[in-house]
Number of protein chains: 2
Amino acid sequence: MSRYYVHDVGENAFMLELAILGFLRDSPLHGYGLRKRLTALIGHVRPVPESTLYPALKRMEKAGLLVRATEPGAAAAPRHVLTLTGEGERELRRRLATPERLDVTDENRWFTLLAFLRHLEEPAAQAAVLRQRLTFLEEPSSFFLDGDRPLRAEELDDPFRRGVLTVARATGRAETAWLRETVAALEAGGARPGRDAPPGDAPPGDTRDVIPGT
Amino acid sequence: MSRYYVHDVGENAFMLELAILGFLRDSPLHGYGLRKRLTALIGHVRPVPESTLYPALKRMEKAGLLVRATEPGAAAAPRHVLTLTGEGERELRRRLATPERLDVTDENRWFTLLAFLRHLEEPAAQAAVLRQRLTFLEEPSSFFLDGDRPLRAEELDDPFRRGVLTVARATGRAETAWLRETVAALEAGGARPGRDAPPGDAPPGDTRDVIPGT
DNA sequence: TGAGGATACCTCGATGTCGAGGTACTACGT
DNA sequence: ACGTAGTACCTCGACATCGAGGTATCCTCA
């Protein structure tokens with residue numbers, strides 16, 4: 001940490017700021033519109049109250065990452081249209097290219113990063129980032145200790161803890177497969193990977209979208 | 001929020017405190033041992049520096065959730081062995097039985113809750129909590145907006161965003177299957193569910209099912 | 001006309017976060 | 001004898017979080 005700020009800005013602020021940088025890179029927005037996008041993306045993990053968003057925007061403006069152009073008389077109050085500066089774009093690319101450890105290990109932060117990884121542009125750089133996640137997923141990990149000894153899934157008596165590990169394993173496998181496939185595609189000449197949904201479990205035509213039941 | 005504290009304690013503190021309550025319910029610990037367990041469980045999402053842990057313990061002690069017994073001359077510094085009070089146990093059960101919205105929607109918090117759900121004891125109450133997660137997973141959700149319109153996976157051009165949705169879908173399916181299976185087992189008389197993965201929606205044996213690509 | 005709701009931004013203050021740094025003792029290697 | 005690492009707890013201070021509450025405009029529906 002400690003990047004464009006003199007001091008530390010806190011781990012959480014980083015996920016928020018990354019998403020702000022990313023969305024503004026997509027297109028200039030005013031605070032309210034930005035907030036709606038942020039809520040859709042990370043609201044289920046971290047709600048974005050205005051009293052968090054606006055101070056964040058101010059400090060990012062102060063840091064030179066974005067500019068606020070007051071657009072008079074448009075709607076209700078004077079809107080501040082937010083636009084990323086060159087410095088802001090550079091900061092975004094820097095964060096995407098050299099993620100924090102937590103950006104890679106925390107699924108939520110990782111997905112936030114992924115949502116904007118296209119802004120990195122060079123396929124090789126994108127692949128390098130994906131590899132970091134892959135490395136993390138391949139590390140043995142354990143959630144529970146018996147004294148000092150890590151416990152493996154098979155040793156757990158508790159059905160809920162077993163469930164945690166079962167689901168984590170399934171997730172890990174799914175993600176690993178996607179990562180490998182995508183890294184390969186990226187390194188095979190930067191072709192767009194996953195252009196048409198690869199034949200898999202997801203039946204094409206099943207538009208039910210994210211997280212379906214059944 | 002706003003439970004045993006007069007005022008609000010913040011969303012993050014809640015995950016930390018739940019884990020503290022849960023681990024101390026497992027067995028009394030001193031701060032250092034507690035910290036190691038916390039790090040194993042949630043460290044990849046939220047590191048637990050001492051300067052966060054010890055103040056948390058103090059405020060929980062002040063709230064009557066735990067007591068600290070000074071154990072003299074043991075190791076280096078005088079250890080404070082932490083034990084949950086009756087009030088602490090009640091608070092734990094309360095948080096498990098009536099989770100916050102975010103406890104259900106944020107995977108990290110949900111897994112933390114799951115890790116201690118056994119302390120709820122009544123199978124019916126456990127099943128009720130699992131159902132909440134199931135309900136959430138069955139809700140249609142979207143991460144990206146085009147203006148105001150939610151975008152579906154198929155509409156996304158960006159391979160990384162597609163990846164996010166692909167992985168989320170796979171995860172959702174795996175978790176949904178586990179949840180349904182476990183709820184059924186719990187409601188069928190409180191037998192231990194998942195003892196040896198019974199056949200559910202997931203093809204038994206091959207857990208690979210979940211993998212989208214390849 | 002008037003209420004309600006969405007848009008759009010703001011301040012204030014209580015609180016949690018967490019790095020930096022301190023204390024102190026044990027144990028091991030060299 | 002000395003350095004390093006681990007155990008175990010602590011304070012301080014800068015900062016981010018976020019609910020409560022405020023302001024103002026616009027639109028819709030009754």
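Given the structure is predicted, the values throughout are model-derived calculations rather than measurements.

Asks: How would you sum up the packing of aromatic side chains? Please name residues and give values.
Replies: Summed over the entire model, instances satisfying the criterion amount to four aromatic pairs over all chains. Ring plane angle 75° and centroid distance 6.4 Å describe the contact between F143 of chain A and F144 of chain A, whose orientation is recorded as edge-to-face. Residue F143 of chain A is classed as buried on the basis of its relative accessible area, which comes to 16%. For F144 of chain A, a relative accessible area of 2% corresponds to the buried category. With a centroid separation of 5.0 Å and an interplanar angle of 85°, the aromatic rings of F23 of chain B and F116 of chain B are classed as edge-to-face. On the criterion of sequence distance, the pair formed by F23 of chain B in helix 1 (residues 11-26) and F116 of chain B in the loop between helix 6 (107-115) and helix 7 (123-138) is long-range, its members being 93 residues apart. An identical accessibility class is assigned to F23 of chain B and F116 of chain B; each is buried. R95 of chain A extends its terminal NZ or CZ atom over the ring of F14 of chain A, reaching a point 4.1 Å from the ring centre.

Asks: Tell me about helix 3 (residues 50-62) of chain B, residues and numbers included.
Replies: Residue and element names in this part refer to chain B. With 13 residues, helix 3 extends 18 Å from end C-alpha to end C-alpha; this agrees with the ideal 18 Å at 1.5 Å per step. Taken residue by residue, helix 3 has L53, A56, L57 and M60 as its buried positions. Within helix 3, the buried residues cover an arc of 100° as seen down the axis, which keeps them to one side. Seen from the open side of helix 3, the exposed residues pointing more than 90 degrees away from its buried face are S51 and K62. Following helix 3 by one or two positions, G64 adopts a phi angle in the positive range, close to 80°.

The rules we used
- Residues numbered from 1 in each chain as written.
- Chains lettered and ligands numbered in written order.
- Predicted model: local features only at pLDDT ≥ 70, side-chain atom pairs only at ≥ 80, totals over all residues.
- Heavy atoms only, no water.
- Phe/Tyr/Trp six-rings, centres within 6.5 Å; stacked < 30°, edge-to-face > 60°.
- Buried < 20%, exposed > 50% of the residue type's maximum accessible area, 1.4 Å probe, protein only.
- Helix = DSSP H or I, 4+ residues; strand = E, 2+ residues; numbered from the N terminus.
- Lys NZ or Arg CZ within 6 Å of the ring centre and 35° of its normal.
- Expected span 1.5 Å × (residues − 1).
- Arc of directions from axis to C-beta.

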